[in-house]
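A closer look at the structure
Below, each chain spelled out in residue letters.
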Amino acid sequence: MNRFGSRWEALGTRAFNSREEVRSEFMKTRVIQVDPAEPDPRAVEEAAAVLRGGGLVAFPTETVYGLGANALDRDAVAGIFRAKGRPADNPLIVHVSRPEMLSTLVTSVPPSAEKMIFRFWPGPLTLLFPKSAAVPDIVTAGLPQVAIRMPDHPVAHLLIDAAQIPVAAPSANVSGRPSPTSASDVLEDLDGKIDVVLDGGPCEIGVESTVLDLSGTVPRILRPGGIPREEIAEALGVPVEVVSAEGEIEGSSPSPGMKYRHYAPKGEMYLLTGRPEEQRDTAIQRAQEVLKDGKGVAVLSSSENVPAYLGLKEKFPGLFHVLELGPRSDPAKIASKLFSSIRRADKLGVSVILSESFDEAGLGLAIANRLTKASGGKVLPPRSARPLTVLFVCTGNTCRSPMAEALFKKIWEDRGGPGGVRVFSRGTGALPGMPAAPEARAVMKTRGVDISGHVSMPLLPVDVESSDIIVAMTKAHKEAILSRFPAAEGKIFTLAELASEVVPGDIPDPLGRGEEAYEETAALLEKAFELVAPRLLKHPALRKEDGDRSASG
Ligand code: TXA
Ligand code: MG
C-alpha cells in the first residue's frame with residue numbers, strides 16, 4: 001500500500017538534487033487547528049482519513065500529545081518507530097475510544113481490570129491485557145501483553161471514533177526527549193517526519209498515563225502517571241507495588257522500554273533534595289558557581305521559592321533563569337508545566353538545570369519519577385548550613401594573617417578547591433580599621449594578589465564560633481586564643497602543626513624588618529598552603545557539599 005497516493009503524480013515533473021530534498025518535499029507536516037472543547041468533525045475526519053491510509057497523526061490527549069498510527073497495520077506502526085527513532089523493543093500503548101474495542105485486541109479481561117476500566121476510563125490509566133492475534137508483534141515489541149488506554153480528550157475520542165480503528169500512540173517526541181504538551185512541542189521534534197498534527201491546545205495533565213500491570217499476584221505500577229497510586233490501591237482494595245525510577249536508571253526494569261534514557265534535556269540536570277529552603281539555598285550556591293564561569297543556569301522552582309532567586313536574575317540577566325512550576329500545594333499545576341519547562345530550559349540554551357523536588361503523594365509520584373529520569377538520577381543534597389570557614393590569626397592583622405588569607409584563597413582556587421569557602425583573618429591585639437602593611441601589599445602584588453582593600457579587625461568570640469578551622473601564626477597566638485576563647489578548643493592549630501614538613505615552628509613577625517622579611521614570610525606561607533589546602537579538602541564540613549551522584553545507566 002502506498003500511503004502518499006496522488007502526491008507521487010505532483011512530484012513526477014520536478015527535479016530533485018538530493019534524497020533529503022525529496023524527503024522534505026515528500027513529507028510536509030500539516031497542522032490542523034481544532035477547538036479542544038468542541039472539535040469540528042470535518043477537521044478531525046481529515047486526520048482520521050490519514051490514519052486509515054496508514055499515515056502518522058499527532059493528536060492531543062489529556063496527558064501529553066500522542067503520535068498515532070493504525071494499531072492493526074504493522075507498516076503504519078513501523079512508521080512511528082522510524083519517526084521517533086524509538087528502539088524496537090519499547091512497546092506502544094494502543095488507544096481506544098470505547099471499551100467495546102477491547103474485544104478485537106485482547107483474549108480476556110480479568111475482573112480486576114474490568115473494575116479499573118469502570119472506575120478510571122476514559123482517563124490517564126493504561127492497562128495490560130493478554131494480546132489477541134490481531135495485534136501485530138511490532139506494537140508490543142514481541143511481548144504477550146498489550147497496553148491499552150482510553151484517553152479522556154474530546155479530540156482524541158473523536159479521532160479514534162472517526163478512524164474506526166484502534167490507534168497505537170507513544171508520546172509524540174523524538175525518543176529520549178521530554179514529552180510534548182503542545183502542538184509546537186510536537187513540531188519542534190517531528191516537523192517534516194509525520195503527516196499531520198491536530199493542534200488542540202495545551203494538554204491538561206502534562207504527565208503521561210499510569211501504566212498498570214494486573215497480571216501478577218500483586219498489582220504493579222510500571223510507570224506512575226496521571227492516576228495516583230493511592231486511588232488505584234483504594235479502588236482495588238489491595239496494596240500496589242511501584243517500579244522505582246532509580247531501579248530503572250540502574251538497569252533493572254520489568255518493562256523493556258523503560259530502561260532507556262527518558263525526558264532528557266540538553267543541559268546537565270540535577271534534582272535538588274532536602275527541605276524546600278535547603279533546596280533553594282543549594283540552588284543559589286550551585287548556580288553562582290556555574291554563572292561565575294559564564295555558563296547559563298535555569299532553576300525549575302516552586303512558586304514559594306521564586307522570589308528568593310530574583311536577586312541572581314538581576315545580577316546575571318540573560319544567563320540565569322527561573323522557571324516557575326507552581327505552588328507546592330498544587331501538584332496538578334506542577335505536573336502540567338513540567339515537560340514544557342524542561343523544553344524551555346533547553347531553548348534558553350542553559351548548561352545546567354537545577355530542579356526543585358516535591359512531595360511524592362498523589363500526582364507527586366509521577367512528577368518525582370519524571371524529574372529523576374530527566375536528571376538521569378543526579379541529585380544535589382543540601383550543603384552544610386554555612387560553608388567551610390577558615391580563619392587566620394596573628395597579632396595586628398596587618399602583616400602575616402592578611403597575607404595568609406590572600407595566599408590561601410589563591411592556592412585553594414588554583415588547586416580546584418570547591419567554591420563557597422569562607423576565608424578571613426583577625427588579630428589577637430588588632431586595632432580595628434588599619435590597612436595591610438605597605439610591604440605586605442607589595443609582596444602580594446608581585447604574586448598578582450591585591451590586598452589594598454584589607455581592613456584590620458580584632459578577634460571576637462563570634463569569629464571563633466563561626467570558624468571550622470583556626471590557623472594561628474605562632475604557638476603563643478594559639479595559647480592566648482585558647483585561654484580567652486574556649487570555643488576554639490579542637491579547631492585551632494598553629495601552621496607548624498598543619499604543615500610540619502615545611503614549617504619548623506612559629507611564623508616570625510616581619511614587621512619592621514624590611515620587604516625582604518615579608519618576602520620570606522610570603523614564600524613560607526605559600527609552601528605551607530600547598531600542603532594544607534589539599535589536606536583541608538578532607539575536612540568534614542566539606543563532605544556534605546560533595547553531593548553529586550552520577551547515574552550509572
Ligand atoms: O499518557 C500516555 O500514556 C501517552 C499518551 C499519548 O497516551 N502515551 C505514552 O506512550 O506515554 P509512550 O510510548 O511514550 O509510553 C508507553 C509506556 C512505555 O514506558 C512502555 O514501555 C510501556 O508504556 N508499555 C507499553 N506497552 C507495554 C507492554 N506491553 N508491557 C509493558 N510496558 C508497556
Ligand atoms: Mg514517551
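Residues numbered from 1 in each chain as written. Chains lettered and ligands numbered in written order. Predicted model: local features only at pLDDT ≥ 70, side-chain atom pairs only at ≥ 80, totals over all residues. Heavy atoms only, no water.

Let us now look at the overall build of the protein chain. Counting its secondary structure elements, the protein chain contains 22 helices and 20 strands. Residues counted as buried form 53% of the 553 residues belonging to the protein chain. The contacts of the protein chain with a sequence gap of at least 6 include a subset with a gap of at least 24, amounting to 71%. Accessible surface, the protein chain: about 24100 Å² in total, of which carbon and sulfur atoms supply 54%. (Helix = DSSP H or I, 4+ residues; strand = E, 2+ residues; numbered from the N terminus. Buried < 20%, exposed > 50% of the residue type's maximum accessible area, 1.4 Å probe, protein only. Contact = heavy atoms within 4.5 Å. Areas by Shrake-Rupley, 256 points an atom, 1.4 Å probe, with all protein chains shown as cover.)

Our focus in this paragraph is the side chain of Asn397. Following the sequence through the fold, Asn397 ends up in the loop between strand S17 (389-394) and helix H16 (400-414). Given the relative accessible area of 0%, Asn397 is considered buried. Within polar-contact distance, the side chain of Asn397 engages the side chain of Ser401 at 2.8 Å. (Polar contact = N/O pair within 3.5 Å; in protein donor to acceptor, adjacent residues only side chain to side chain.)

All told, the structure shown has six aromatic pairs when counted by the stated rule. Aromatic side chains Tyr263 and Phe339 sit 5.0 Å apart centroid to centroid with 35° between the ring planes, which places their arrangement in the tilted category. Taken together, the positions of Tyr263 in the loop between helix H11 (245-249) and strand S12 (268-272) and Phe339 in helix H14 (residues 331-347) put the pair 76 residues apart, joining distant regions of the chain. Taking relative accessible area as the criterion, Tyr263 reaches 5% and is therefore assigned buried. For Phe339, a relative accessible area of 0% gives the class buried. With a centroid separation of 5.7 Å and an interplanar angle of 25°, the aromatic rings of Phe408 and Trp412 are classed as stacked. In this pair, Phe408 and Trp412 both sit in helix H16, four residues apart, roughly one turn of the helix. On the accessibility criterion, Phe408 (1% relative accessible area) is buried. Through pairs of rings, three or more aromatic residues link up here, namely Phe392, Phe408, Trp412 and Phe529. Across the ring face of Tyr270, the terminal group of Arg286 is positioned such that the distance to the ring centre comes to 5.1 Å. (Phe/Tyr/Trp six-rings, centres within 6.5 Å; stacked < 30°, edge-to-face > 60°. Lys NZ or Arg CZ within 6 Å of the ring centre and 35° of its normal.)

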